[in-house]
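Residues per chain are reported as follows:
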Amino acid sequence: MAVLIGCTALVLGVTGASAQAHGRDLGREVLAAGDGWASEGTGTTGGSAADSAHVYTVTTWEEFKTALKDGGDAPKIVRVKGVIDAVSRGCDAFAVEGYDFQQYLADYDPAVWGHDTPVSGEQEDLRDASADNQGRAIRVNVPSNTTIVGVGKGSGILGGSLQIKGVDNVILRNLTVEAPIDCFPQWDPTDDNKTGAWNSEYDGVVVYGSTHVWLDHNTFTDGRYPDSSLPSYLGKIYQQHDGLVDIVRAANHVTVSWNSFKNHDKTMLIGNSDSAAATDAGKLKVTLHHNRFEGIVERAPRVRFGQVDSYNNHFVVTEDQKFGYVFGIGIESRLYATDNAFSLPPGVSAARTLKKWKEAPLTAENNYVNGKLTDLIAVHNAEIPEETLQSGAGWTPTLRTKVHSPQAVPWIVDALAGADRLY
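All of the points below concern the structure found in this document. Fair warning: this is a prediction, and the values are worked out from it, not measured in the lab.

What the protein chain contains, in helices and strands, is nine helices and 30 strands. Taking 22 Å as the expected radius of gyration for a compact globule of 423 residues, we find that the protein chain reaches 22 Å, a close match to that expectation. With the C-alpha coordinates aligned to their principal axes, the bounding extent of the protein chain is approximately 65 × 60 × 40 Å. Looking at the 423 residues of the protein chain, the share that counts as buried comes to 56%. Counting contacts in the protein chain only where the partners sit at least 6 residues apart, residues at least 24 apart contribute 76% of the total.

Set out below in structure tokens:
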């Protein structure tokens, strides 16, 4: 009871601070000093210095794209009002003449094509051209010195892919981002041990080679199109989703705070290739704190090369979901994961919170599973000895704000993470 009262007091205290945001201009707010890797050096201010000519309120996808282009890298604030839809015309609007999905299935049925060579030919060319049409329509480049913020409650983006690519100083806050649906996934007969698989494009947010990026109080989700609703073709799930948030290709100094990640498979990738040491080594410094991950299958995150600090996050595995792992330990990664909370259903062991892909040490201390202090590395190594992990990331984060007791994290994070919690 004492713990519950203490947790409630903490939630009320933080809630009170958030509630005061009503009446403030969220577009003018900047990342606080010391708040994760994005506060390193010059910090992250986004478009907070924008003059009145570079403050936009948009209600459609076309207005959104136009606002982002206007003024180049001059500081700008783009205020998204309501829900804007990047694919309001539907998938058929992107299909080129002659593309026929039923013919595509017939041409590349394993009984006809086999599993030894990638698909090629007329229908694959037409699928690829259709995919190009969609890509041009739904991808949008976010320039440097930009803040994108949802106005009030219920604002968001459906089916768009935000490309934060090769820029510096970007803030994204208070938005619900529904993962893009790939209208034209490619069949790869050689994938999945030559049993075939559908592969899709388009992440909700891509941080690619960019620096000083702050993603805060957003909700990232599959929304109307959960994987459970997807059909099967050629004996495999017709996968139409890629990642929710991917941070790749020498991206650096990123803070991901107080977000909700819901009902998705490949949630977050930090570093997208084992062969990218030339660009990624010494980069991919990312902080994740006070985020809620619910109903996710894997990659929360999967890490290559980066120094990733994960604290005070709440990971919720539901009884009816498919579940792979939470933290993926990849090549030359240095994950520092402490003070997190995990809510696991019966039959899901704490050992499965970690997944070893390549040899790399990590720190995982003071984490609680179902309210009990748990040594995640020791449990993993005991139950999965063929994937023995080494303890000790070799560094200690210094850019942290208030670190709450992991026992209080479920109450605090569940109450405050995600879009619509700043008003």
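Here the focus is the side chain of Thr363. Relative to the elements of secondary structure, Thr363 occurs in strand β28 (residues 363-365). Overall, Thr363 belongs to the buried group, its relative accessible area being 7%. When neighbours within four sequence positions are excluded, Thr363 is seen to be in contact with Leu335, Tyr336, Ala337, Thr338, Gly392 and Ala393.

Let us look at the layout of surface pockets. The calculated volume of the largest pocket comes to roughly 1,200 Å³. Within the residue set of the lining of the largest pocket, elements represented by two or more residues are β5 (161-165), α6 (191-194), β9 (197-199), β14 (236-237), β17 (260-266) and β20 (292-298). Ranked by residues supplied to the lining of the largest pocket, first place goes to β17 with four residues. Looking at the lining of the largest pocket, its residues break down into eleven nonpolar, 14 polar and 17 charged.

As a further point, take the state of the cysteines. Applying the stated criterion across every chain yields a total of one disulfide. Each disulfide pairs two cysteine sulfurs, and for Cys91 the partner residue is Cys183, the sulfurs being separated by 2.0 Å. The S-S bond linking Cys91 to Cys183 shows a torsion near -70 degrees; that makes this disulfide left-handed. Of this pair, Cys91 sits in the loop between β2 (76-85) and α3 (101-108) while Cys183 sits in the loop between β7 (176-178) and β8 (186-188), and the two are 92 residues apart along the sequence.

Before going further, it helps to examine empty space enclosed by the protein. Counted by the stated rule, this structure contains one cavity of 30 Å³ or more. Approximately 30 Å³ is the volume attributed to the largest cavity. Lining the largest cavity, in full, are Phe293, Gly295, Ile296, Phe315, Val316, Val317, Gln321, Phe323 and Val326. Those elements that place two or more of their residues in the lining of the largest cavity are β20 and β23 (314-316). A per-element tally of the lining of the largest cavity places β20 first, with three residues. Class assignment for the residues of the lining of the largest cavity results in seven nonpolar, two polar and no charged.

The side-chain alternation of strand β1 (residues 55-58) yields one buried face, formed by Tyr56 and Val58, and one unburied face, formed by Val55 and Thr57. In terms of strand pairing, β1 meets β2 through four bridges, oriented parallel. Bridge assignment links Tyr56 to a residue of β2, and that residue is Val78. This β-α-β element, β1 to helix α2 (residues 61-69) to β2, shows right-handed connectivity.

This part takes up the packing of aromatic side chains. Geometrically, a pair of aromatic rings is defined through the distance of the ring centres and the angle of the planes. Applying the stated rule across the entire model yields 21 aromatic pairs. Consider the rings of Tyr104 and Tyr108, whose centres lie 4.7 Å apart with planes at 70 degrees: the pair is edge-to-face. Taken together, the positions of Tyr104 and Tyr108, both in helix α3 and four residues apart, correspond to about one turn of that helix. With 6.1 Å between their ring centres and 70 degrees between their planes, Tyr325 and Trp357 make a pair best called edge-to-face.

Once that is clear, we can look at the packing of α3 against helix α5 (residues 122-138). One can describe the packing of α3 onto α5 by two numbers: an axis separation of 9 Å at closest approach and a directional angle of 135 degrees. Classed by the angle they form, the pair α3 and α5 counts as oblique. Note that α3 runs across α5; the crossing there is left-handed. Across the interface between the two elements, Gln103, Tyr104, Asp107 and Tyr108 of α3 pack against Glu122, Gln123, Glu124 and Arg127 of α5. Split into classes, the residues belonging to the contact of α3 with α5 amount to two nonpolar, two polar and four charged.

All right, on to the environment of Val317 then. If you trace the backbone, Val317 turns up in the loop between β23 and β24 (327-329). Val317 sits in the buried class, given a relative accessible area of 9%. Taking C-alpha positions, Val317 is 6.6 Å from Pro345, a pair spaced 28 residues apart along the chain. Sequence-distant contacts of Val317, defined by excluding residues within four places in its chain, comprise Phe323, Ser343, Leu344 and Pro345.

Right, let's talk about the pattern of salt bridges for a bit. The final tally for this structure, using the stated rule, is 18 salt bridges. Measuring nitrogen to oxygen at the nearest pair gives 3.9 Å for the salt bridge that ties Asp25 to Arg28. Across the pair Asp128 and Arg127 runs a salt bridge whose closest N-O atoms are separated by 3.8 Å. Classification of Arg127 as buried rests on a relative accessible area of 6%. When salt bridges with common partners are traced through the structure, they connect Arg24, Glu29, Arg173 and Asp216 into a single cluster.

Here we come to the sheet that holds strand β21 (residues 302-303). Taken together, the eight strands give an open sheet; going across it, the order is β3-β5-β10-β15-β18-β21-β24-β27, and neighbouring strands pair in parallel fashion. Two strands lie at the open edges of the sheet, namely β3 (139-141) and β27 (354-356), each paired on one side alone. With four bridges connecting them, β5 and strand β10 (residues 205-208) associate as parallel partners. Note that in β10 the partner of Lys165 across the bridge is Tyr208. Packing against the sheet, α2 makes contact with β3 and β5, and its axis sits at approximately 25 degrees to β3. Contacting β3 and β5, α5 crosses the sheet at an angle of about 40 degrees to β3.

Rules used in this analysis
Residues numbered from 1 in each chain as written. Predicted model: local features only at pLDDT ≥ 70, side-chain atom pairs only at ≥ 80, totals over all residues. Heavy atoms only, no water. Helix = DSSP H or I, 4+ residues; strand = E, 2+ residues; numbered from the N terminus. Rg over C-alpha atoms; globule rule 2.2 N^0.38 Å. Buried < 20%, exposed > 50% of the residue type's maximum accessible area, 1.4 Å probe, protein only. Contact = heavy atoms within 4.5 Å. 1 Å grid on protein atoms, 1.4 Å probe; cavity = no way out; pocket = protein on both sides within 12 Å on 5 of 7 lines; lining within 4 Å. Points joined across faces, edges and corners; volume = space filled by probe spheres on them. Nonpolar A, V, L, I, M, F, W, Y, C, P; charged D, E, K, R; others polar. Disulfide = S-S within 2.5 Å. Pairing = 2+ DSSP bridges. Right-handed = clockwise from strand over helix to strand, strands pointing away. Phe/Tyr/Trp six-rings, centres within 6.5 Å; stacked < 30°, edge-to-face > 60°. Axes fitted to C-alpha atoms, helices over the stretch in contact; angles between N-to-C directions. Parallel < 35°, antiparallel > 145°, perpendicular 65-115°, else oblique. Left-handed = near helix turned anticlockwise from the far one by under 90°. Salt bridge = Lys/Arg side-chain N within 4 Å of Asp/Glu carboxyl O.

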